[in-house]
Amino acid sequence: MVNIVLHEPEMPANTGNIGRTCVATGTRLHLIEPLGFKINEKQLKRAGLDYWDKLDVTVYDNYQDFLDKNPDAIGNTFMATTKAHQVHSEVSYPKNCYIMFGKESAGIPEEILVQTPDTAIRIPMNPQIRSLNLSNSVAIVLYEALRQNDFFSMQTEGNLHRLSWENPDIV
């Protein structure tokens, strides 16, 4: 199982979208305080739709609290940042890795980043833009980690509701 870590998230809608993505992928979500919203905020629940109660989410007082409660995260956390030198698709994600994202306004603090230069990753983008939307960034990196792990036990095939792939003209 892949773990998503949000360090001091600020926007409830992004966090709700990320929570919904985590539920859809069987991913655990870790939130490191301070949060820029309350967990029960209407926008958070709205963005997560009716999936929030199915989310495996834990809130931590600070980064050290997160590390203390998740010792396997030490040396096993990829830091998603626009400041990294390696691309997110060029690393190998272990099955139980953690992928950390920083707050929308500032990213992951550099004091944390400098401790793990080998696991800092970035999503390629045009240099004229500062960053992508946080929930989009999480989805991009998360799905690469899931792809590398054969999507665990996720459903990889779908079915039409009214028609058939084999006989599209028959209702």
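Our subject is the structure listed above.
### Quick notes on the pattern of salt bridges
Then comes step 1: Scanning the model with the defined rule gives five salt bridges in all.
Then comes step 2: Note that K103 and E8 form a salt bridge whose closest N and O atoms lie 3.4 Å from each other. Of this pair, K103 sits in the loop between β6 (98-101) and α4 (110-113) while E8 sits in the loop between β1 (3-7) and α1 (12-25); the two residues are 95 residues apart in sequence, bridging distant segments of the chain.
Then comes step 3: With relative accessibility at 24%, the residue K103 sits in the partly exposed group.

### Describing the sheet that holds strand β4 (residues 77-80)
Then comes step 1: Reading across the sheet, the seven strands line up as β3-β2-β1-β6-β4-β7-β5 and stay open at both edges, with parallel pairing between neighbours. At either margin of the open sheet sits one strand with a lone partner, and together these are β3 (57-60) and β5 (86-87).
Then comes step 2: Looking at chain direction, β1 and β6 are connected through four bridges and run parallel. Paired with L6 across the bridge in β6 is F101.

### Examining the packing of α1 against helix α5 (residues 134-148)
Then comes step 1: Orientation of α1 relative to α5, taken along the N-to-C sense of each, is 20°, at an axis distance of 9 Å. Taken together, the axes of α1 and α5 are roughly parallel relative to one another. Between α1 and α5 lies a crossing whose hand is right-handed. In contact with N14, N17, I18, T21 and T25 of α1, α5 contributes L134, S135, V138, L142, Y143 and L146.
Then comes step 2: In terms of residue class, the contact of α1 with α5 is made up of six nonpolar, five polar and no charged.

### Some points on the pairing of strand β2 (residues 28-32)
Then comes step 1: Burial analysis of β2 places four of its five residues in the buried class, the great majority of the element.
Then comes step 2: Read as a crossover between parallel neighbours, the route from β1 over α1 to β2 is right-handed.
Then comes step 3: The pairing of β2 with β3 spans four bridges and is parallel. Among the inter-strand pairings, I32 is bridged to a residue of β3, identified as Y60.

### Comments concerning α1
Then comes step 1: Helix length check: α1, at 14 residues, gives a terminal C-alpha distance of 20 Å against a target of 20 Å (1.5 Å per residue), a fit within 8%.
Then comes step 2: What α1 keeps buried is the set P12, N14, T15, G16, I18, G19, T21, C22 and T25.
Then comes step 3: Backbone geometry just after α1 places G26 at a positive phi near 70°.

What counts as what
- Residues numbered from 1 in each chain as written.
- Predicted model: local features only at pLDDT ≥ 70, side-chain atom pairs only at ≥ 80, totals over all residues.
- Heavy atoms only, no water.
- Salt bridge = Lys/Arg side-chain N within 4 Å of Asp/Glu carboxyl O.
- Helix = DSSP H or I, 4+ residues; strand = E, 2+ residues; numbered from the N terminus.
- Buried < 20%, exposed > 50% of the residue type's maximum accessible area, 1.4 Å probe, protein only.
- Pairing = 2+ DSSP bridges.
- Axes fitted to C-alpha atoms, helices over the stretch in contact; angles between N-to-C directions.
- Parallel < 35°, antiparallel > 145°, perpendicular 65-115°, else oblique.
- Left-handed = near helix turned anticlockwise from the far one by under 90°.
- Contact = heavy atoms within 4.5 Å.
- Nonpolar A, V, L, I, M, F, W, Y, C, P; charged D, E, K, R; others polar.
- Right-handed = clockwise from strand over helix to strand, strands pointing away.
- Expected span 1.5 Å × (residues − 1).

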